[in-house]
Amino acid sequence: MKMEWYEELDFDDNPFKKEGKTVGYDDLLEDVFYSIIAGNMLFIEGESGTGKTKLLKEAVNRFGGHGKVIYVNCKQLHKELNVERLLKDKYGWFSTRLLNKKPKNMILLLDEVEHLSKRNCERIKYYFDQNYLRSVIFASHDFDVVDLNESIKQRIHKKLTVKNLSDYEAVQMVKEKIGEEVLSDRIIKHVYKLSNKNNKRFLENSEIVCKIASQNKDLKEEDVEKILEETGIPAVAK
Amino acid sequence: MNRIWYKQLGFYNNPFSIKPAAFHDNLFGYEDLVARVIKSVDAGNFVFIEGEYGRGKTTILKHLLRYFGGHKKVIYFSVNRVEKRMQIRRLLNERYGRIGKWFDIRPKDMILLLDEVQEMDGKDVEKMLKFQKEGNFKSIVFVGQKYNETNFPANVAKNLKLFKLENMTENDAVSLIRKRIGKLEFFNDNVIKKIFVMSHHNARAMLKNCEILCRKAVDYGSEKITDKMLEEFFGEVVSVQEEPKDEKIFLELDEEAEEDFEEEVEKTPVKKTKKKFVEDISEDVAVEDSFEKDKKYFGESDEIDEELSRMEMEEEAEEEKEVNITNGVQDAVAAEEALGKDAEDILDKHYY
């Protein structure tokens with residue numbers, strides 16, 4: 001039976017598929033956790049692929065398990081579906097419809113808020129003011145593009161900007177996953193550059209390079225570009 | 001993340017929460033206005049309260065809700081919740097639950113508090129007027145950003161009393177913060193006033209800024225918020241009317257005693273002697289009415305502070321020295337710990 005490339009490198013699972021520790025996000029994460037605990041609104045801004053969703057998912061991991069966290073990607077939020085329903089459904093059909101209980105202290109994580117409707121914005125404001133929502137976190141690629149109400153903007157405590165990783169952090173991230181020996185620093189940096197400094201794409205690309213490096217021990221920096229071009233995924237940075 | 005600034009200071013919840021529901025019992029600067037609103041509600045008028053963002057509109061409504069509440073006579077409704085059109089009949093019926101809905105039973109003499117009425121239009125108001133004529137509503141309080149005449153039919157507008165929310169005064173801002181955090185040594189009153197002015201006299205913005213500043217200060221382990229920190233944060237420092245500083249009293253207190261501070265002050269003879277001082281310096285007081293307000297809220301006066309500080313200048317100088325020394329020691333210990341950690345990290349990496 002043919003071995004997968006990661007099995008040859010003594011990994012049981014594909015290291016790139018595993019949810020690893022986030023590198024370079026410690027401060028951001030702390031801010032996110034803090035604003036959830038303190039009950040504030042927060043806006044996370046960052047280019048696509050820099051890890052906004054990752055941050056929100058970390059928050060789900062940290063606070064989930066008590067039926068308090070709602071993660072919504074607003075893109076998937078249908079026009080008619082409203083936040084009010086969402087809150088109540090999450091709280092349970094039985095207690096909201098029959099006992100008419102109101103949800104309390106929910107944590108709402110909204111991804112891609114540029115798709116959020118005005119009406120839902122107002123609702124969020126109302127529920128936040130009434131303390132049904134303990135904390136709201138918005139994530140989008142650009143704060144200025146998002147069409148939030150002035151009153152919501154005033155309630156937002158802080159605007160976090162997720163930046164691209166530095167070269168060093170990129171190297172750290174890959175090494176965290178696959179260990180020291182497989183890829184050299186220079187190759188990783190080159191892959192990162194070729195991936196337009198986009199995290200998601202960077203991980204995909206490094207997986208491809210890794211696959212080849214596991215068979216070909218002395219991989220050169222120049223080869224990387226060719227490999228990636230062959231797979232057809234990357235857009236080379238100019 | 002287990003170190004959250006307000007928990008370190010002994011608060012269970014975030015004391016600077018901007019949610020109106022969290023601290024709806026403190027209302028500062030609007031006592032007169034609320035009294036007048038209550039009067040006209042009792043008289044059965046329509047009331048419109050207009051004010052800009054973050055001035056405390058919803059807080060005032062919450063206050064009214066508490067004032068009139070408890071007899072099942074008040075309906076609070078935020079207009080921005082609705083999908084298309086307000087269903088006023090539904091609101092009234094819900095007072096009697098499901099049966100009310102089925103048989104269309106409507107209560108009499110209700111007080112309706114409406115928040116965010118900028119979402120509402122003339123038709124809704126007319127409907128309300130109809131119900132009011134039938135005796136279902138005693139009075140309606142509208143709260144919104146701006147009074148829009150076109151939304152209100154002429155016969156409503158005639159009976160409508162318009163109230164405008166003015167800015168809070170600086171002293172009100174101080175009382176607001178003091179009510180929430182007690183006598184924390186992070187702020188003295190001047191700093192609060194500065195923050196208030198730099199937040200453009202906006203109460204919500206002030207609370208936000210206070211929270212950020214407090215968090216920073218606790219994280220960096222500094223004892224209080226200085227002008228320098230303000231400058232870093234806002235980029236500028238405005239000067240406010242300086243008042244004699246009252247920080248010196250705090251040095252007498254242990255950290256544990258902080259929370260009981262207000263009670264202690266009332267018990268201590270300081271308060272009794274205060275009146276004498278006030279009489280002595282009555283001229284000053286006459287000049288500054290604002291002082292009078294401060295005293296009402298804090299139960300202490302700045303004049304005494306001056307007097308006290310003069311009397312105990314020497315003792316305090318010593319104490320201050322001590323504090324500085326202990327701080328130095330703590331810093332050193334912290335630095336050592338940090339070093340130790342670093343060293344461990346390095347070791348870990350090597351052996352890993």
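Residues numbered from 1 in each chain as written. Chains lettered and ligands numbered in written order. Predicted model: local features only at pLDDT ≥ 70, side-chain atom pairs only at ≥ 80, totals over all residues. Heavy atoms only, no water.

A. A look at the overall build of chain A. Across its full length, chain A holds 11 helices and five strands. Of all 238 residues assigned to chain A, the portion counted as buried reaches 51%. Considering only contacts within chain A whose residues lie at least 6 apart along the sequence, 73% involve residues at least 24 apart. Counting every atom, chain A has about 12400 Å² of accessible surface; 46% of that belongs to carbon and sulfur. (Helix = DSSP H or I, 4+ residues; strand = E, 2+ residues; numbered from the N terminus. Buried < 20%, exposed > 50% of the residue type's maximum accessible area, 1.4 Å probe, protein only. Contact = heavy atoms within 4.5 Å. Areas by Shrake-Rupley, 256 points an atom, 1.4 Å probe, with all protein chains shown as cover.)

B. Fine view of the pattern of salt bridges. Overall, the coordinates contain eight salt bridges over all chains when judged by the stated rule. Members of the salt-bridge network, linked through shared partners, are Asp31(A), Lys158(A) and Arg215(B). (Salt bridge = Lys/Arg side-chain N within 4 Å of Asp/Glu carboxyl O.)

C. Representation of the packing of aromatic side chains within the structure. Per the stated rule, a full pass over the model turns up 11 aromatic pairs over all chains. With a centroid separation of 4.7 Å and 90 degrees between ring planes, the pair formed by Phe43(A) and Phe143(A) is classed as edge-to-face. Placement of Phe43(A) in strand β1 (residues 41-46) and of Phe143(A) in the loop between β4 (133-140) and α7 (150-155) is noted, with a sequence separation of 100 residues between them. Accessibility expressed as a relative area gives 15% for Phe143(A), which makes it buried. Measuring from ring centre to ring centre gives 4.8 Å for Tyr192(A) and Phe202(A), while their planes differ by 70 degrees; the resulting arrangement is edge-to-face. Placement of Tyr192(A) in helix α9 (residues 185-194) and of Phe202(A) in helix α10 (residues 199-215) is noted, with a sequence separation of 10 residues between them. Across this residue pair, the class does not change: Tyr192(A) and Phe202(A) are buried. Aromatic rings pair up to connect Phe46(B), Phe48(B), Phe142(B) and Tyr147(B) into one cluster. The residue whose ring lies beneath Arg62(A) is Phe63(A), and the NZ or CZ to ring-centre distance is 4.8 Å. Sitting over the face of the ring of Tyr12(B), Lys7(B) holds its NZ or CZ atom 5.7 Å from the ring centroid. (Phe/Tyr/Trp six-rings, centres within 6.5 Å; stacked < 30°, edge-to-face > 60°. Lys NZ or Arg CZ within 6 Å of the ring centre and 35° of its normal.)

D. Main features of the interface of chain B and chain A. Of the residues lining the interface, 30 residues belong to chain B; the matching set on chain A comes to 31 residues. For the pair chain B and chain A, the summed buried area comes to about 2800 Å², and 44% of that belongs to carbon and sulfur atoms. At the boundary of chain B and chain A, one finds two salt bridges. For Asp31(A), the salt bridge is made with Arg215(B), and the minimal N-O distance between the two is 2.9 Å. Inspection of the region where chain B meets chain A yields 10 residue pairs in polar contact (both at pLDDT 80 or more). Elements represented by at least two residues in the side of chain B that touches chain A include exactly α1 (5-8), α3 (57-68), β2 (74-78) and α10 (203-220) of chain B. The element best represented in the side of chain B that touches chain A is α10(B), accounting for five residues. Here the residues of the side of chain B that touches chain A are counted per class, giving 12 nonpolar, six polar and 12 charged. (Buried area = accessible area lost by both parts, 1.4 Å probe. Polar contact = N/O pair within 3.5 Å; in protein donor to acceptor, adjacent residues only side chain to side chain. Nonpolar A, V, L, I, M, F, W, Y, C, P; charged D, E, K, R; others polar.)

E. Layout of the packing of helix α8 (residues 167-178) of chain A against α9(A). Residues and elements named next belong to chain A. Packing of α8 against α9 leaves a shortest axis separation of 9 Å and a crossing angle of 110 degrees. With respect to each other, α8 and α9 are oriented roughly perpendicular. In this structure, α8 crosses over α9, and the sense of that crossing is right-handed. Residues Asp167, Ala170, Val171, Val174 and Lys175 of α8 form the contact with α9, whose participating residues are Asp185, Ile188, Lys189 and Tyr192. Within the contact of α8 with α9, the residues separate by chemical class into five nonpolar, no polar and four charged. (Axes fitted to C-alpha atoms, helices over the stretch in contact; angles between N-to-C directions. Parallel < 35°, antiparallel > 145°, perpendicular 65-115°, else oblique. Left-handed = near helix turned anticlockwise from the far one by under 90°.)

F. Structural detail: the sheet that holds strand β4 (residues 137-144) of chain B. Residues and elements named next belong to chain B. The strand order across the open sheet formed by five strands is β2-β3-β4-β1-β5, and the pairing between neighbours is parallel. The two strands at the open ends of the sheet, each matched to only one other strand, are β2 and β5 (160-164). Neighbour-to-neighbour, the strand axes of the sheet open up by a mean angle of 15 degrees, direction not taken into account. Judged from the five bridges that link them, β2 and strand β3 (residues 110-115) form a sheet pairing that is parallel. What sits directly across from Val74, in β3, is Ile111. Each of β1 (46-50), β2, β3 and β4 touches α3; the most contacted strand, β3, lies at about 165 degrees to it. (Pairing = 2+ DSSP bridges.)

G. Just the environment of Ile137(A), in detail. Position of Ile137(A) among the secondary structure elements: in strand β4. Separated by 96 residues in the primary sequence, Ile137(A) and Met41(A) place their C-alpha atoms 5.7 Å from one another.

H. Spotlight on the pairing of strand β2 (residues 69-73) of chain A. Residue and element names in this part refer to chain A. Counting buried residues in β2 gives four out of five residues, a clear majority hidden from the surface. The sheet contact formed by β2 and strand β3 (residues 106-111) spans five bridges and is parallel. In the strand pairing of β3, Tyr71 is matched with Leu109.

I. Region of the structure containing the nonpolar core. Core analysis: the largest hydrophobic core is formed by 102 residues, its most contacted members being Ile44(A), Leu110(A), Ile124(A), Phe138(A), Leu64(B) and Phe187(B). Not counting chain neighbours up to four residues away, the residues in contact with Leu110(A) comprise Leu56(A), Val72(A), Cys74(A), Leu116(A), Ile124(A), Val136(A), Ile137(A), Phe138(A) and Ala139(A). (Core = buried A, V, L, I, M, F, W, Y, C linked by side-chain atoms within 4.5 Å.)

J. Focus on the packing of helix α8 (residues 170-181) of chain B against helix α9 (residues 189-198) of chain B. Residues and elements named next belong to chain B. For the pair α8 and α9, interaxial distance at closest approach is 9 Å and the crossing angle is 115 degrees. By the criterion of interaxial angle, the relationship of α8 to α9 is roughly perpendicular. Handedness of the α8/α9 crossing: right-handed. Of α9, the residues touching α8 (which contributes Glu170, Asn171, Ala173, Val174, Ile177 and Arg178) are Asp189, Ile192, Lys193, Phe196 and Val197. Taken together, the residues of the contact of α8 with α9 break down into six nonpolar, one polar and four charged.

K. Layout of the sheet that holds β2(A). Residues and elements named next belong to chain A. Within the open sheet, the five strands sit side by side as β2-β3-β4-β1-β5. Their pairing is parallel. In this open sheet, the two edge strands, each paired with only one partner strand, are β2 and β5 (156-162). Adjacent strand axes in the sheet meet at a mean angle of 15 degrees when their direction is disregarded. As paired elements, β1 and β4 share five bridges and run parallel to each other. Residue Met41 lies in a different strand from β4, and its bridge partner there is Val136.

L. Spatial organisation of α9(B). All names here are of chain B. Taken across its 10 residues, α9 has nine buried, putting it largely inside the fold. Every buried residue belonging to α9 is among Asp189, Asn190, Val191, Ile192, Lys193, Lys194, Ile195, Phe196 and Met198, and all of these are buried. In the segment just after α9, His200 is the residue with positive phi, at about 60 degrees.

M. Broad picture of a nonpolar patch on the surface. On the surface, a nonpolar cluster with roughly 590 Å² of combined accessible area is contributed by Tyr96(B), Ile99(B), Trp102(B), Phe103(B) and Ile105(B). In this structure, Trp102(B) sits in helix α5 (residues 97-103). (Patch = residues over 30% accessible without salt bridge, like charges linked within 9 Å, V, L, I, M, F, W, Y side chains within 5 Å.)

N. Focus on the environment of Phe28(B). Inspection of the secondary structure assignment puts Phe28(B) in the loop between α1 and α2 (31-42). A residue is classified by how much of its surface remains accessible, and Phe28(B), at 9% relative accessible area, is buried.

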